[in-house]
Amino acid sequence: QVQLVESGGGLVQAGGSLRLSCAASGRAFSSYFMGWFRQAPGKEREFVAAISWSGGSTYYADSVKGRFTISRVNAKNTVYLQMTSLKPEDTAVYYCAARNGWPSTKFNEYHYWGQGTQVTVSS
């Protein structure tokens, strides 16, 4: 099992930047495929970004491509989401998730979830 704790959320003006962190505890962090998802009020949870076990492959939703960067440091059991050029429509609770197995962008295929961190982008 792995436990996930997100941090780094907050209030930022449009055009600003934030970096989210997700610290993992438990065994074999490097064996998990990691993802970031978000959920805005009244909307379904949606895929944001994902990264392979070694960090060699990354995946992004079209809505964030070119603005967000996912990365991981396995020695620190941490995955990051660097967010730039933030827009009001990026406002949501952001969740870190871990998956055993092959890459996936589907939230129901992830096995472990953090509690989420709020990101609010003001216009």
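Because the structure is a prediction, the values reported are computed rather than measured. (Residues numbered from 1 in each chain as written. Predicted model: local features only at pLDDT ≥ 70, side-chain atom pairs only at ≥ 80, totals over all residues. Heavy atoms only, no water.)

(A) Representation of the state of the cysteines in the model. Inspection of every chain in the model, using the stated rule, returns one disulfide. Disulfide partner of Cys-22: Cys-96, at an S-S distance of 2.1 Å. Negative torsions about the S-S bond denote left-handed disulfides, and the value of about -75° found for Cys-22 with Cys-96 makes this one left-handed. Taken together, the residues span a long stretch of sequence, with Cys-22 in strand E3 (residues 18–26) and Cys-96 in strand E9 (residues 92–99) at a distance of 74 residues. The two residues Cys-22 and Cys-96 agree in class, both being buried. (Disulfide = S-S within 2.5 Å. Helix = DSSP H or I, 4+ residues; strand = E, 2+ residues; numbered from the N terminus. Buried < 20%, exposed > 50% of the residue type's maximum accessible area, 1.4 Å probe, protein only.)

(B) Layout of the side chain of Ser-21. Within the secondary structure, Ser-21 is located in strand E3. Setting aside residues up to four positions removed in sequence, Ser-21 forms contacts with Val-5, Glu-6, Ser-7, Trp-36, Thr-78, Val-79 and Tyr-80. (Contact = heavy atoms within 4.5 Å.)

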